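Below are the chains, spelled out letter by letter.
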Amino acid sequence: MNRHYACITFDFDAMSGLVARGLTTPTPVSRGEFGAVALPRILDLLKRYDIKASFFIPGVVIGTYPRECEQILAYGHEIGHHGWTHVPPANLTPEQEEDGLIRGIEKIRELTGAAPRGYRSPSWDLSTYTVELLLRHGFLYESSMMGNDHEPYRVRQGDVVSVDEPMQFGKPTPLIELPISWTLDDFPHFEYLRVGQSLAPGLQNASGVLENWVNDFEYMRQTCDWGILTYTCHPYVIGRGHRMIMLDKLLKSLQEKGAQFITLEQAARMYDERSLFHA
Ligand SMILES: [Zn+2]
């Protein structure tokens, strides 16, 4: 029997992503603050479709919005690790990275009563140490890489990357990758962002993005019997009116196409059973 899964995921960054880019003045802070306003809309929409989603939350945001995070949990959604701050691991020292990882795990444990099973790096940029740290701290899966579209895989360790020599691939580890893509992330399509001399224009028409997102699921359905497609949204981005209408239409279209909605943790466990790890 064909199985096509969709994982609806949210990175509840609030202002942490903007603050990590040095945007600490009142207006960018308020921009992230809107995430807490949008959250109840999103939780209601997911409930209407009876969908359990995965929410990745930086430790500082759990501390800023404890009640909102309890709400996410009360609706039955998964809570995953998204750093202590929103500074990407690639910009941290190994000590800072491990310290943040541990602090984030403890903050989630306070909230949910258990350590998170999944990790997603802020701004999708792992350091060369991240995989080792995730294995050391007992993570089952991670979701920040783009090496496949709708098929999970095992994360490698020990790659040797050089500009002028062929790539040397390392060995697979037990850590499961649930791949993502910027094309299936709301942020680059929709957010107008100016930092220093760089400008991300965003502000795309939501109907065009919707068409792409539905077609990626359709392509998976047409080309394989089994697959998992992961969508990534941010409450302060997707929570605007026309985008909420888009999200509603997306869930409806996926449902009509026979999608089964699961959390990333469920997806990782399913893949783990299907593709046993051999060292
Ligand atoms: Zn984020």
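Residues numbered from 1 in each chain as written. Predicted model: local features only at pLDDT ≥ 70, side-chain atom pairs only at ≥ 80, totals over all residues. Heavy atoms only, no water.

An unreviewed UniProt entry lists the protein chain under the name Polysaccharide deacetylase, from Parapusillimonas granuli.

Participant: Help me out: how do you make sense of helix α2 (residues 26–48) in this one?
Facilitator: Spacing of three or four residues puts side chains on the same side of an α-helix, whose turn is 3.6 residues. Taking 1.5 Å of rise per residue, 23 residues should cover 33 Å, and α2 covers 34 Å from first to last C-alpha, within 8% of that figure. The largest bend in α2 amounts to roughly 40° and is located at A38, with the proline P40 lying one to four residues further along. Restricting attention to buried positions, one finds in α2 the residues P28, G32, F34, G35, A36, A38, L39, I42, L43, L45 and L46. Here the buried face of α2 lies against β1 (3–11), α1 (16–20), β2 (54–57), α4 (66–74), α9 (235–238) and α10 (241–256). Of the residues trailing α2, D50 is marked for its positive phi of about 55°. (Helix = DSSP H or I, 4+ residues; strand = E, 2+ residues; numbered from the N terminus. Expected span 1.5 Å × (residues − 1). Bend = angle between axes of the 7 residues up to and from the residue. Buried < 20%, exposed > 50% of the residue type's maximum accessible area, 1.4 Å probe, protein only. Contact = heavy atoms within 4.5 Å.)

Participant: In this structure, what is going on with the coordination of the zinc ion? I would like to understand it.
Facilitator: Around a metal, the ideal angle is 109.5 degrees if four donors adopt a tetrahedral arrangement and 90 or 180 degrees if six donors adopt an octahedral arrangement. Taken together, the protein donors to the zinc ion comprise D13 (OD), D13 (OD), H82 (NE2) and H86 (NE2), at separations of 2.1 to 2.5 Å. Taken together, the four donor atoms coordinating the zinc ion span angles of 55 to 138° at the metal, a pattern that classifies the geometry as irregular. Between consecutive donor residues of the zinc ion, the sequence gaps follow D-x68-H-x3-H. Here H86 lies in the loop between β3 (78–81) and α5 (94–112) and D13 lies in the loop between β1 and α1, a separation of 73 residues in the sequence. Exposure class is identical for D13 and H86. Each is buried. (Donors = N, O, S within 2.8 Å, 3.2 Å for Na, K, Ca; no water. Tetrahedral: all angles 85-135°; square planar, octahedral: opposite > 155°, others 65-115°.)

Participant: Could you clarify how one ought to interpret the packing of α2 against α4 in this entry?
Facilitator: Geometrically, a packed helix pair is captured by the angle between its two axes and the distance between the axes. Following both chains from N to C, one finds α2 and α4 inclined at 10°, their axes separated by 11 Å at the closest point. Regarding the angle of α2 to α4, the classification is roughly parallel. Mapping the contact onto sequence places A36, L39 and L43 in α2 and E68, Q71 and I72 in α4. Residue classes in the contact of α2 with α4 are distributed as four nonpolar, one polar and one charged. (Axes fitted to C-alpha atoms, helices over the stretch in contact; angles between N-to-C directions. Parallel < 35°, antiparallel > 145°, perpendicular 65-115°, else oblique. Nonpolar A, V, L, I, M, F, W, Y, C, P; charged D, E, K, R; others polar.)

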